[in-house]
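# Inside the fold
If you want the building blocks of each chain, they are given just below.
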Amino acid sequence: MMKQLLPGFWQWSWFSEEKQLDFNGLFLVVGEHKILIDPPPMADEDQAFIRRNGPVDYLIVTNRDHARESWSCQGNFGCQLFVPDADASQMDLKPTKTFKDQELLPGGIWVVHLKDQKSPGESALFIQQGKGVLIVGDALIGKPAGAVTMLPVEKYADTTKAKEGLRRLLKYNFDSILVGDGTSILTGAKQAVEKALA
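So, here is what we can say about the structure in this document. Chains are numbered independently. Their residues run from 1 in the order of the written sequence. Two thresholds apply to this predicted model, a pLDDT of at least 70 for residue-level local features and 80 or more for giving and counting side-chain atom pairs, whereas whole-chain, interface and lining totals are computed over all residues. Neither water nor hydrogens contribute to the side-chain values; these are computed over all heavy atoms in the structure.

### Some remarks on the pairing of strand β9 (residues 109-113)
- Alignment of strand β8 (residues 104-105) against β9, held across two bridges, turns out to be antiparallel. When the bridges of β9 are listed, leucine 105 appears paired with isoleucine 109. Strand pairing is defined by DSSP finding a minimum of two bridges between the two strands. A run of H or I in DSSP counts as a helix once it spans at least four residues, and a run of E counts as a strand once it spans at least two, with each numbered from the N terminus.

Encoded structure:
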């Protein structure tokens, strides 16, 4: 079921038995743009909710492993597909556009490329709304609830470098972090990220 996290930000989730956590997709209404991010499988009522609020303009994927249901969403909603430039060649998708670090995407969404992560194109998305909103794919996992953690060590070539790469997130002012996996943190998120990277 769609749940509203923040003004203009909705989330739907699909529980992964394998990972034992929620895979989350986001539906954003920012200005005149309707945007999907990292879409996991979607129930009929979620699709209906999006259509009532649509049409969808863009679908943004944060990394190669979060393509998820992008192919079917692109077909269902007829939206443009944006993926990280460094991951595009490793995805079975035909993007409308690829994006790079510090690019400003529609809806006032800034791309924050993160080095030395699980995939070469791993990108966070930053939106200067309210006290600041950070959206992450596999950069950090919302587990346990109220905290964020890095992926298991075997996912990285070098954990120390990966942690160093994530420190870049702390240059941004944000109060909320919306995660692709696990539980999002709506207030006090920057402190949670500082703690995870300490």
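What follows continues from the structure just given.
### Section: the sheet that holds strand β11 (residues 133-136)
- With respect to topology, five strands assemble into an open sheet ordered β8-β9-β10-β11-β12, the strand pairing being mixed. The open sheet has two edge strands, β8 and β12 (176-179), and neither has a second partner.

### Things to note about the nonpolar core
- Ranked by internal contacts, the top residues of the largest apolar core, which has 27 residues, are Leu134, Val136, Leu140, Val148, Leu166, Leu169 and Ile177.
- For this core, the elements supplying multiple residues, two or more each, are β3 (21-30), β10 (123-127), β11, α3 (159-166), β12 and α4 (189-197).
- If one sorts the elements of this core by residue count, α4 sits on top with four residues.
- For leucine 134, the contacting residues outside a window of four places in its chain are Ala124, Leu125, Phe126, Leu169, Phe174, Ser176, Ile177 and Leu178. Residues belong to a common nonpolar core when they are buried Ala, Val, Leu, Ile, Met, Phe, Trp, Tyr or Cys residues joined through side-chain atoms within 4.5 Å. Residue exposure (1.4 Å probe, protein chains only): buried if accessible area is under 20% of the type maximum, exposed if over 50%, otherwise partly exposed. Note on contacts: a residue pair is in contact if any heavy atoms of the two residues lie within 4.5 Å.

### Details of the pattern of salt bridges
- Any carboxyl oxygen of Asp or Glu that lies within 4 Å of a side-chain nitrogen of Lys or Arg is treated as forming a salt bridge with it. In the structure shown here, the tally under the stated rule is nine salt bridges.
- Where aspartate 181 meets arginine 68, a salt bridge forms, and the shortest distance between an N and an O atom there is 2.5 Å. Remark: arginine 68 occurs in the loop between β5 (58-60) and α2 (70-77) and aspartate 181 occurs in the loop between β12 and α4; sequence separation between them is 113 residues.
- The exposure class of aspartate 181 is buried, given its relative accessible area of 7%.
- Where lysine 97 meets glutamate 103, a salt bridge forms, and the shortest distance between an N and an O atom there is 2.3 Å.
- Relative accessible area serves as the criterion here: at 30%, lysine 97 is assigned to the partly exposed category.

### Re the sheet that holds β5
- What the seven strands build is an open sheet, ordered β1-β2-β3-β4-β5-β6-β7; its pairing is mixed. Looking at which strands have only one partner, the edges of the open sheet turn out to be β1 (3-6) and β7 (97-99). Between one strand axis and the next, the sheet turns through 30 degrees on average, direction left out of account.
- Bridge count for β5 against strand β6 (residues 80-84) is three bridges, and the pairing is parallel. Across the sheet, residue tyrosine 58 finds its bridge partner in β6, namely glutamine 80.
- Orientation is described by axes fitted as lines to C-alpha atoms, over the contacting stretch for helices, and by angles from 0 to 180 degrees between their N-to-C directions. Each of β4 (33-37), β5 and β6 touches α2; the most contacted strand, β5, lies at about 175 degrees to it.

### Concerning the environment of leucine 93
- On the secondary structure map, leucine 93 appears in the loop between β6 and β7.
- It is 29 Å that separates the C-alpha atoms of leucine 93 and lysine 161, two residues lying 68 residues apart in sequence.
- Not counting residues within four places of it along the chain, the set of residues in contact with leucine 93 comprises Ala67, Ser70, Trp71 and Leu81.

### Details of the packing of aromatic side chains
- Any Phe, Tyr or Trp ring, taking Trp's six-membered ring, that has another such ring centre within 6.5 Å forms a pair; planes under 30 degrees apart are called stacked, those over 60 apart edge-to-face, and the others tilted. Summed over the entire model, instances satisfying the criterion amount to six aromatic pairs.
- Both rings, one in tryptophan 14 and one in phenylalanine 23, keep their centres 5.8 Å apart while their planes meet at 45 degrees; by these two values the pair is tilted.
- With relative accessibility at 38%, the residue tryptophan 14 sits in the partly exposed group.
- A relative accessible area of 17% means that phenylalanine 23 is categorised as buried.
- Chaining the aromatic ring pairs together yields one cluster made of Trp10, Phe27 and Phe49.

Geometry only, nothing functional implied.
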